[in-house]
There are 2 protein chains.
Amino acid sequence: MNIGIDTMGGDFAPLEALRGIKKYLSENKDNHTIRLTLFGDVQELNRIITEEAISTDRIQVVPTTQVIDMHEHPTKALKEKPHSSIATGFHYLAKDKTDAFISAGNTGAMLVGALFNLKTIEGILRPVISSIIPKQGGRTGLILDVGLNADCKPEQLNQFATLGAVYARHILEIPDPKVGLVNVGEEEGKGNLLTQGAYPLLKANKAIHFIGNIEGRDTFNDKADVMVCDGFTGNIILKLAESIYDITQKEGLENAYLNRFNFEIYGGTPVLGVEKPVIIGHGISKATAFCNMIYVAEKMLQTGVLQKLKEAVQQR
Amino acid sequence: MNIGIDTMGGDFAPLEALRGIKKYLSENKDNHTIRLTLFGDVQELNRIITEEAISTDRIQVVPTTQVIDMHEHPTKALKEKPHSSIATGFHYLAKDKTDAFISAGNTGAMLVGALFNLKTIEGILRPVISSIIPKQGGRTGLILDVGLNADCKPEQLNQFATLGAVYARHILEIPDPKVGLVNVGEEEGKGNLLTQGAYPLLKANKAIHFIGNIEGRDTFNDKADVMVCDGFTGNIILKLAESIYDITQKEGLENAYLNRFNFEIYGGTPVLGVEKPVIIGHGISKATAFCNMIYVAEKMLQTGVLQKLKEAVQQR
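Just so it is clear, the model here is predicted, and its values are computed rather than measured.

Q: Just checking my understanding: could you explain the domain arrangement of chain A for this structure?
A: A common way to report how large an interface is uses the accessible area buried once the components associate. Residue and element names in this part refer to chain A. Under the domain assignment used here, chain A contains domain 1 (1-124 + 273-304) and domain 2 (125-263). For domain 1 versus domain 2, the separation of C-alpha centres amounts to 27 Å. With 12 residues of domain 1 at the contact, the number on the domain 2 side is 13 residues. Buried area between domain 1 and domain 2, both sides added, is near 1100 Å², and the carbon and sulfur share of it is 70%. Between domain 1 and domain 2 we count one salt bridge in total. Between the two partners, domain 1 and domain 2, sit five residue pairs in polar contact (both at pLDDT 80 or more). Where the side of domain 1 that touches domain 2 is concerned, the elements lending two or more residues are helix 5 (107-117) and helix 10 (287-303). Among the elements that line the side of domain 1 that touches domain 2, the one with the most residues is helix 10, at four residues.

Q: What is the right way to look at the interface of chain A and chain B in this model?
A: With 34 residues of chain A at the interface, the matching set in chain B holds 33 residues. Overall, the association of chain A and chain B removes approximately 3100 Å² of surface from exposure, summing both partners, and the carbon and sulfur fraction of that is 66%. The largest per-residue losses of area from chain A upon contact with chain B belong to Phe-232, Lys-239 and Leu-240 of chain A, which jointly make up 20% of the total buried on that side. Taken together, the connections running from chain A to chain B amount to two salt bridges. The salt bridge involving Glu-215 of chain B is made with Lys-239 of chain A; its shortest N-O contact spans 2.3 Å. At the boundary of chain A with chain B, the tally comes to eight residue pairs in polar contact (both at pLDDT 80 or more). Every element with two or more residues in the side of chain A that touches chain B is listed here: helix 7 (193-204), helix 8 (231-250) and helix 9 (256-259) of chain A. No other element matches helix 8 of chain A, which puts 13 residues into the side of chain A that touches chain B. Residues of the side of chain A that touches chain B, tallied by class, amount to 14 nonpolar, 12 polar and eight charged.

Q: Just checking my understanding: could you explain the relation of the copies chain A and chain B for this structure?
A: For the pair of chain copies, the relating operation is a rotation around an axis with a shift along it. Placing chain A over chain B gives an RMSD of 0.0 Å and needs a rotation angle of 180°, together with 0.0 Å of translation along the axis. What the superposition gives is, in effect, a two-fold axis relating one chain to the other. Of the C-alpha atoms belonging to chain A, the one lying closest to the rotation axis is found on Thr-233 of chain A, 3.2 Å away.

Q: Just checking my understanding: could you explain the sheet that holds strand 8 (residues 209-214) of chain B for this structure?
A: Note on sheets: strands pair through backbone hydrogen bonds, and any given pair is parallel or antiparallel. All names here are of chain B. Taken together, 11 strands build an open sheet; the order of strands is 3-2-1-4-11-10-5-6-9-7-8 and the sheet is mixed. The two strands at the open ends of the sheet, each matched to only one other strand, are strand 3 (59-63) and strand 8. Between one strand and the next, the sheet's axes are offset by a mean angle of 25°, whatever the strand orientation. Relative to strand 10 (residues 268-272), strand 5 (residues 128-134) runs antiparallel, the two sharing two bridges. When the bridges of strand 10 are listed, Ile-129 appears paired with Val-271.

Q: Looking at this structure, how should I read the packing of aromatic side chains?
A: The description of an aromatic ring pair uses the distance of the two centres, along with the angle that the planes make with each other. Residues and elements named next belong to chain A. Inspection of the entire model under this criterion finds 14 aromatic pairs over all chains. Between Phe-39 and Tyr-92, the ring centres sit 5.1 Å apart and the planes meet at 75°, which makes this aromatic pair edge-to-face. Of the two residues, Phe-39 sits in strand 2 (residues 35-40) while Tyr-92 sits in helix 4 (residues 85-94), which places them 53 residues apart along the sequence. Here the two residues Phe-39 and Tyr-92 agree in accessibility, since each one is buried.

Q: Whenever I open this one, the environment of Met-293 of chain A confuses me. Can you help?
A: All names here are of chain A. Checked against the element boundaries, Met-293 lands in helix 10. For Met-293, a relative accessible area of 0% gives the class buried. A C-alpha to C-alpha distance of 27 Å links Met-293 and Asp-218, two positions 75 residues apart in sequence. Residues in contact with Met-293, not counting those within four places in the same chain, are Ile-102, Ser-103, Ala-104, Gly-267, Gly-268, Ile-279, Ile-280, Gly-281 and Ser-285.

Q: Where do I start with the side chain of Asp-218 of chain A in this structure?
A: Residues and elements named next belong to chain A. With respect to the helices and strands, the residue Asp-218 is situated in the loop between strand 8 (209-214) and strand 9 (226-228). Judged by relative accessible area, Asp-218 falls into the buried class, the value being 5%. A polar contact of 2.7 Å, which involves the side chain of Asp-218, links it to the backbone nitrogen of Glu-215. Beyond its immediate sequence surroundings of up to four residues, Asp-218 is in contact with Lys-135, Lys-223 and Met-227.

Q: Please clarify how the sheet that holds strand 10 (residues 268-272) of chain A should be interpreted in this entry.
A: Residue and element names in this part refer to chain A. The 11 strands are arranged 3-2-1-4-11-10-5-6-9-7-8 in an open sheet whose pairing can be described as mixed. Each of the sheet's edge strands pairs with one partner strand only, and the pair in question is strand 3 (59-63) and strand 8. Within the sheet, the average angular offset between the axes of one strand and its neighbour, ignoring direction, is 25°. With three bridges connecting them, strand 4 (residues 100-103) and strand 11 (residues 278-281) associate as parallel partners. Considered in strand 11, the bridge of Ile-102 is made with Ile-279.

Q: Any chance you could explain the state of the cysteines here in plain terms?
A: A disulfide bridge is the covalent bond that connects two cysteines by way of their sulfur atoms. Residue and element names in this part refer to chain A. As enumerated under the stated definition, the model contains zero disulfides over all chains in all. Summary of cysteine pairing: Cys-229 is not part of a disulfide, and the nearest cysteine sulfur, belonging to Cys-152, is at 8.3 Å. Overall, Cys-229 belongs to the buried group, its relative accessible area being 2%.

Q: Even after reading the chapter, I still don't get unusual backbone geometry, so can you show me in this structure?
A: In terms of backbone geometry, most residues other than glycine have negative phi values and most peptide bonds are trans. Residue and element names in this part refer to chain A. Residue Asp-145 follows Leu-144 across a cis peptide bond; omega there is -5°. Note that Asp-145 resides in the loop between strand 6 (140-144) and helix 6 (154-170). The phi torsion at Ala-53 lies on the positive side, around 55°, for a residue other than glycine. Secondary-structure assignment places Ala-53 in the loop between helix 2 (42-51) and strand 3.

Q: Help me out: how do you make sense of the packing of helix 1 (residues 15-27) of chain A against helix 10 of chain A in this one?
A: Helix packing for two helices is described by the angle between their axes and how far apart those axes are. Residue and element names in this part refer to chain A. Where helix 1 meets helix 10, the closest approach of the two axes is 7 Å, and the angle between their N-to-C directions is 55°. With respect to helix 10, the element helix 1 is oriented oblique. Crossing angle aside, the handedness with which helix 1 passes helix 10 is right-handed. Mapping the contact onto sequence places Glu-16, Ala-17, Arg-19, Gly-20, Ile-21, Lys-23, Tyr-24 and Glu-27 in helix 1 and Ala-287, Phe-290, Cys-291, Ile-294, Tyr-295 and Glu-298 in helix 10.

Each value, and the rule that gives it
- Residues numbered from 1 in each chain as written.
- Chains lettered and ligands numbered in written order.
- Predicted model: local features only at pLDDT ≥ 70, side-chain atom pairs only at ≥ 80, totals over all residues.
- Heavy atoms only, no water.
- Domains from an automatic or database assignment.
- Contact = heavy atoms within 4.5 Å.
- Buried area = accessible area lost by both parts, 1.4 Å probe.
- Salt bridge = Lys/Arg side-chain N within 4 Å of Asp/Glu carboxyl O.
- Polar contact = N/O pair within 3.5 Å; in protein donor to acceptor, adjacent residues only side chain to side chain.
- Helix = DSSP H or I, 4+ residues; strand = E, 2+ residues; numbered from the N terminus.
- Nonpolar A, V, L, I, M, F, W, Y, C, P; charged D, E, K, R; others polar.
- Least-squares fit on C-alpha atoms with pLDDT ≥ 70 in both.
- Pairing = 2+ DSSP bridges.
- Axes fitted to C-alpha atoms, helices over the stretch in contact; angles between N-to-C directions.
- Phe/Tyr/Trp six-rings, centres within 6.5 Å; stacked < 30°, edge-to-face > 60°.
- Buried < 20%, exposed > 50% of the residue type's maximum accessible area, 1.4 Å probe, protein only.
- Disulfide = S-S within 2.5 Å.
- Parallel < 35°, antiparallel > 145°, perpendicular 65-115°, else oblique.
- Left-handed = near helix turned anticlockwise from the far one by under 90°.

Below, the structure written as structure tokens:
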């Protein structure tokens, strides 16, 4: 299997991307099933590869001459910069020269790239992005959508639940993930038009273990493993959760649970619903984040989670 | 001025309600402009008044014989329990026997009571509830709506902004409150259909100092003093914020800023848009919360903030 990596994306690229690759390779010396394809400035990459003494046995470098900046308009940038690391990375992915693609670059360009270059899995209404949420008591939760679909229909929320449950089972290794609908009250019938419409669909969805509504206060507790919401709500919850770590840093607080709000440790967020793994990292990604993104891509390939998503949505 | 207090509402009623009243009275010995009307079980109240040695000079007790429990259906309970402390409290308010009403009881019954017993201020599309949000750096923010209007129209969000700015100016004493629209991106044009529609209205609203979109990560920073959103989003943000204090307690963290997430210190949340002050407290309210709710009601009456709300919405 061949994982493509945009080495030019993110605030600390390409050095930290390559350090992450080095970390991954050194932790997986005997695993020869995964090869890495690096997209970036070939001279700079070769210089860092030499300086950092990175083994090139399982690495292929594809030279790219342009970079999409963090604040460029996604669609425009992809069109005007066909030789950028992101555009080339998607080109390789679409042509089956790679099996997955990772970047910590322009999030919008990564989303647009995934939606335009890859087929949506049959039966999927709309792709979705998810995020890990650290739960009290050591568990790990998943929230989706966190931004791809600002306005949703009830059927979409129901499908997010199915996708989230499959992902939680196979990638997060939660055997029977509890699925909760993010809402403003516990009782059935509470909510806005969207959640009122979604509740009965989720209740009737046999592919998931639906536990009912969860509230804002349940974001960090064990009530639900998979938290389902529209992309507007999820984006606000995620960015608020991310800010908690900044606050603990600013306040000089040292706490094992709050340290898990350092979202760098989770690597990145996969786009779910397209036919190949696409992982989007934070702009602030460092070596650990890049390394963890490779792990997520590897696990998605090895578990065949996308095939399982396809089966789950078609089963219903 | 006469402030009505439901002494039977909340998990620690009536004892903590009366202790809060005692605290308020002892802190305001020389202020004879405010009288308090207590609704509750007259025998129990008299017993506690004696035991706690509460001065009765400025207190009037109105006997009520029923209590609306925390989990009762609001509309049904108000109809079936006309002699409850909440129903009687609103009856007094509607008949001008009191000037404000406070309760830590059934939130739904308080909202229904406010909407059905009081007139909506002329020009107000829909009443709204707000909450204080502790900001880093010592400032205090306001978020609204936090639950009355799960589905909103852009015009409503624009009016919430006006109401929030007036409230922040006169009650929170922020001279020129910065108003932000809770959204999924900073740039104009980002968002769901609601926020995309609200943005140009807010931009054109001369009654407010609009600073543009804010994101989930800005909830606790100084970017905006007044944070505007639909009641679904606001409810989730508020309940999530409340859960942060529970986490710090559970983790044994002691920090001046995080201690401000103890929402009890803020007293309660006013229903904005009805013609008289109605303050709803948390079910877990103790003496401090009750005392602070009386202060909020007093300040709302003394500043004439409701008249100012009326002028602000009619001016536009």
